[in-house]
Structures are given as C-alpha cells and as structure tokens.
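Working through the structure, step by step
If you want the building blocks of each chain, they are given just below.
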Amino acid sequence: LTLGTPLFASANAGTNIGINFSPAFSISGGDAANYSLVQPTGVTASITASKVTSVTITNAPASFSYKASGKGNTLTLTASVLPANAANKTLKWTSSDATIATVNSAGLVTFKNKEGSVTIKAEAADGSGKSASKTIKVSRNVKVSSPVTTVYLKKGKSLTLPVAVYDSSAPKKTVTSKLTWKSSKSSVAKVTQKGKITAKKKGKATITVTAHNGKKATIKIVVVTKTAKVTKLTVTAPKSIKVGKTALLKVKTGKATGAKVTFKSSKKSVLKVDKAGRLIALKKGKATITIKAGGKSVKKKITVK
C-alpha cells in the first residue's frame with residue numbers, strides 16, 4: 001500500500017481544514033488485483049498557530065547619557081523572537097516612566113532630559129505572555145576636566161584645584177554634578193570632597209575626580225620638601241573656535257609648587273573663560289585670554305568664527 005501525501009486546503013490556522021492526498025493511495029504487488037481500494041474522503045484536521053516562546057532584547061545599554069542640546073537623545077532597540085516560524089512576531093514596546101524615556105512601536109527610545117532609571121519592555125502581541133525587559137540608567141552628559149594634569153606641592157601646604165563640569169553639546173548651559181574626589185595615596189596627598197588637596201609627605205599620588213555619571217579627570221600630585229617658583233608657564237590653546245562651541249585650556253607650570261592658575265578674557269561677550277580654563281564661544285570676534293600663575297603670565301589670542 002502506497003500512501004499519498006496529505007495536502008491541507010488552507011495554510012491558515014483553524015479547525016476542520018480539509019485534507020487532500022496527492023498522489024492518490026495505491027496498491028501494488030502480485031495480489032493487488034484481489035483488493036478494491038476506496039480513496040479516503042472527508043478527512044479534516046486542525047492547524048494551530050505557532051506561538052512565541054521567547055523574546056530577547058539584544059542591544060540595550062546599561063546606561064545612557066543624554067545631551068542638554070537635545071540632539072542625539074534617541075536609541076533604537078532590537079529584539080529577537082523565537083521560534084523563527086512564530087505566526088505573529090509583533091512586539092508591543094512600553095516604558096515604565098514616560099517622563100524619563102518613551103518608546104514607539106518600532107523600539108525607538110527617546111530620552112526626555114531627565115535623570116533616573118527606566119525599564120523598557122518588549123512583549124509578544126500573540127497572547128503568549130512572553131516578554132523581555134531592560135533597565136537603563138539615564139544621566140546627563142556631564143564631562144569633567146582640569147586645566148592642569150600635574151601639580152607640585154610642598155609638604156604641609158594645601159591647594160584647591162578648579163575643575164570644569166560641562167556638557168559639550170550645550171556649552172552655554174550650566175550643568176551640575178556631584179563630584180567625588182579620591183587620592184591614590186592619602187598618606188602622600190589627602191583630598192577633601194571639596195577638592196582641597198593637602199601635601200602630607202614626600203612622594204607621588206594621583207587625585208581622581210569623578211562625576212555622578214562616571215566621567216573622570218585625573219591630576220598627578222608630586223609632594224616635595226622645597227618651595228619652587230614658576231620659571232616657565234606653558235599654555236595650550238586653540239587659535240580659533242566656532243560660535244556655540246567649547247574648548248579647554250591646558251596649563252603647565254613646571255615644577256613650581258602650589259602655583260595657582262587664573263584665567264581672564266579681554267572680551268567676555270565674545271569668548272568667556274571659567275576658573276578651570278574652559279572656553280565658551282558666544283559670538284564672532286577676537287579675544288585675548290590671559291593666563292597667570294606665580295607671577296608669570298601668557299596671553300593667547302583666539303578668534304571666534
């Protein structure tokens with residue numbers, strides 16, 4: 001007896017779906033003529049749609065830093081759905097807090113310039129109850145910088161280091177961050193949570209200042225036993241800067257001890273400079289930035305384009 005191949009009358013899920021056989025059933029062999037074969041009729045079956053068994057969000061970051069400018073504050077998430085032959089792979093995307101981030105039907109997450117944690121969920125729309133969730137920690141796009149990378153300090157003396165806290169995407173906007181200060185060797189150089197460094201004994205230490213979003217700046221501290229004056233002041237500065245942009249001045253005072261660095265702009269309406277040497281270009285023009293340390297001074301002419 002040779003059985004025919006069953007063919008469903010419809011590929012859609014449902015009940016009482018007719019089945020035809022092609023080719024028809026047949027009998028072969030020496031005694032085939034002794035039998036009469038009646039082809040099966042009225043054969044039906046039910047087809048059940050394959051439901052989703054798992055959902056996985058494949059590219060969600062653990063954290064996201066949003067820009068104060070509002071530009072680029074989006075992220076498209078993707079998800080994999082199993083099995084591959086699931087009848088309905090549609091996903092429903094939802095956000096746990098729309099004030100922090102929203103998500104559309106395509107998995108596009110838009111961050112709303114608010115810090116916090118938000119959970120994005122992708123749930124199968126086929127009623128299987130399968131879903132996946134990812135929690136994202138959202139923070140401001142804060143950066144931290146110091147105008148000096150190495151400081152010499154006489155034993156027993158103290159110095160408070162200025163640092164710039166900013167968002168390069170929106171230089172004119174004031175941003176704040178809780179800063180954490182830490183010394184690699186408190187026995188050599190101790191630092192308070194206000195950035196005041198005290199030289200304890202001869203040696204070297206690294207001071208690390210960290211913003212709440214994990215961005216860091218480091219300053220090398222060299223503690224010596226003798227006072228040294230500033231003999232040479234070196235400043236790295238851009239020759240030009242575009243309106244609406246920011247740049248950082250870098251200063252070297254050699255082996256001078258406890259040298260306090262100050263900055264001043266000749267035209268604050270054109271180019272501002274803060275106490276940590278961060279430039280903010282406001283409008284087209286020219287300005288001279290004067291940098292002073294230990295009786296020495298350097299002037300840098302900068303064009304704002």
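Just above, that's the structure.
Attention in this report is confined to the structure presented alongside it. Note that the coordinates shown come from a computational prediction; the quantities given were computed from them, not determined experimentally.

About the criteria used
- Residues numbered from 1 in each chain as written.
- Predicted model: local features only at pLDDT ≥ 70, side-chain atom pairs only at ≥ 80, totals over all residues.
- Heavy atoms only, no water.
- Pairing = 2+ DSSP bridges.
- Helix = DSSP H or I, 4+ residues; strand = E, 2+ residues; numbered from the N terminus.
- Axes fitted to C-alpha atoms, helices over the stretch in contact; angles between N-to-C directions.

Remarks on the sheet that holds strand 1 (residues 5-8)
- Pairing in this open sheet of three strands is antiparallel, and the strands run 1-2-3 from one edge to the other. Each edge of the sheet is formed by a strand with only one pairing partner; in this case those strands are strand 1 and strand 3 (44-47). Strand-to-strand twist in this sheet, taken as the mean axis angle between neighbours without regard to direction, amounts to 50 degrees.
- Direction of pairing for strand 1 relative to strand 2 (residues 14-22): antiparallel, over a ladder of four bridges. Counted as the bridge partner of Pro-6 is Phe-21 from strand 2.

Structural notes on the pairing of strand 29 (residues 285-293)
- As judged from the five bridges shared by strand 26 (residues 261-265) and strand 29, these two strands associate in the antiparallel manner. Paired with Thr-262 across the bridge in strand 29 is Lys-292.
- With nine bridges connecting them, strand 29 and strand 30 (residues 296-304) associate as antiparallel partners. Among the inter-strand pairings, Thr-290 is bridged to a residue of strand 30, identified as Lys-299.
- Taken together, strand 29 and the strand that follows it, strand 30, pair antiparallel across an intervening segment of two residues, in which Gly-294 is found at a positive phi of about 55 degrees.

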